[in-house]
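Observations on the model geometry
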Amino acid sequence: MSTWIWAAVLVAAVFAAEWGSDHLAEPLRRLRKQWGLSAAAGGSLIGIATASPEVGVNITSAVRDVSDIGLGAMLGSTAIGIPALVSVGYLATRKRDIPDDPGHQRHLREHLLRVDPSAVTVQALPYLGILALAAVLILPSPWQGLQPIDGWILFAAYIAYAGQAFLRGRGEAEQVEWSRKGIWLAVAGVGVLALGAYFTVISTQNLVKAFGISSIIGGLFITAPLAALPEIFASWKLSRSGQITPALTNIIGDHAVTMTVGFLPLALVGTTIDNFRLVWVSFVFVGLMPLLYAAFIRWGGPEPGFRRWQMLTLLGTYFVYVGVVVVWVLELV
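Residues numbered from 1 in each chain as written. Predicted model: local features only at pLDDT ≥ 70, side-chain atom pairs only at ≥ 80, totals over all residues. Heavy atoms only, no water.

Here we take up a nonpolar patch on the surface. On the surface, a nonpolar cluster with roughly 470 Å² of combined accessible area is contributed by Trp152, Phe155, Ile159, Leu268 and Val269. Put simply, the parts of the chain that give the nonpolar patch at least two residues each are α7 (148-168) and α11 (263-269). Here the nonpolar patch takes 3 residues from α7, the largest share from any one element. Mapped onto the elements of the fold, isoleucine 159 is located in helix α7. (Patch = residues over 30% accessible without salt bridge, like charges linked within 9 Å, V, L, I, M, F, W, Y side chains within 5 Å. Areas by Shrake-Rupley, 256 points an atom, 1.4 Å probe, with all protein chains shown as cover. Salt bridge = Lys/Arg side-chain N within 4 Å of Asp/Glu carboxyl O. Helix = DSSP H or I, 4+ residues; strand = E, 2+ residues; numbered from the N terminus.)

Okay, structure coming up:
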């Protein structure tokens, strides 16, 4: 098959996986309301569904013995996710009328995207702890790479992360109606998600072969940006409807699942690190994104959220990461 056909297959597979995760997310959104979880805490629950395509890609990568694709896609998606969704949320809310935001006209004048400050303590700081743990388990030379014990430790870390989010974010429960159609769509979503993840890996394998690049680079700069597109569209829609905090906190819950549960399939088959410089540089920027995210919300101004210059700083940080990889890590320039 030609490169263009495999590229089309990759795009279709990514959107299929995202369709599956969307229908899996709907019952979790209902559970969030039924359990009385706040928008920030609910991001931990919804993240199970939104991260499921990455987990599916990692399972397929492990089964097909191309773990570098999964590793690259994980690091790439966690590097681009925060700057992409903050930028989309900011741009989507610049229209003149946002429901459920009585202060929106003032926010427009102040170039502010307001976010619930609990996103810092409930989501961002625990996620930074997860990244620190993952770095300690994966990067040091005596035990470099992923072994089964690393996967189980990270899985336990996710249980702790989700537990604290649920306990600290409890509020008043709501009555929720469940439909048989919604449940069957969620079941169908799991099947479509698995199929999409399988063809995501297959098409990435063929594209990296056609371009003559390594699997991890393919995961970083082909699979990860494409995989972010459906989530970007969803964030745009959520933000324009006034659900700004869910739109910008779900990504942290997504990344928490990706960097814990997502590592488990790669760890169970044992994954070595062939390009150590690329991986540790990626870890630095993957950690820098939630650090900036938390700092901007907490100390960026008198009201919690993101200003225009902060949104541009996040975007600029991602492009610096790409530049460092291209110029210093890969030495392509």
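Secondary-structure assignment places threonine 93 in the loop between α4 (67-92) and α5 (104-109). According to the relative accessible area criterion, threonine 93 is buried, its value standing at 1%. Within the structure, the side chain of threonine 93 is placed 2.9 Å from the backbone oxygen of glycine 89, a separation counted as a polar contact. In this structure the side chain of threonine 93 is engaged in a polar contact, spanning 3.0 Å, whose partner is the backbone oxygen of tyrosine 90. (Buried < 20%, exposed > 50% of the residue type's maximum accessible area, 1.4 Å probe, protein only. Polar contact = N/O pair within 3.5 Å; in protein donor to acceptor, adjacent residues only side chain to side chain.)

Here the focus is the packing of helix α9 (residues 215-240) against helix α10 (residues 244-258). Contact geometry of α9 with α10 gives a least axis separation of 7 Å together with a crossing angle of 150 degrees. As judged from the angle between their axes, α9 and α10 are roughly antiparallel. Judged by the sense of rotation from one axis to the other, the crossing of α9 with α10 is right-handed. Contacts from Glu231, Ser235, Leu238 and Ser239 of α9 reach α10 at Ile244, Ala247, Leu248, Asn250, Ile251 and Asp254. (Axes fitted to C-alpha atoms, helices over the stretch in contact; angles between N-to-C directions. Parallel < 35°, antiparallel > 145°, perpendicular 65-115°, else oblique. Left-handed = near helix turned anticlockwise from the far one by under 90°. Contact = heavy atoms within 4.5 Å.)

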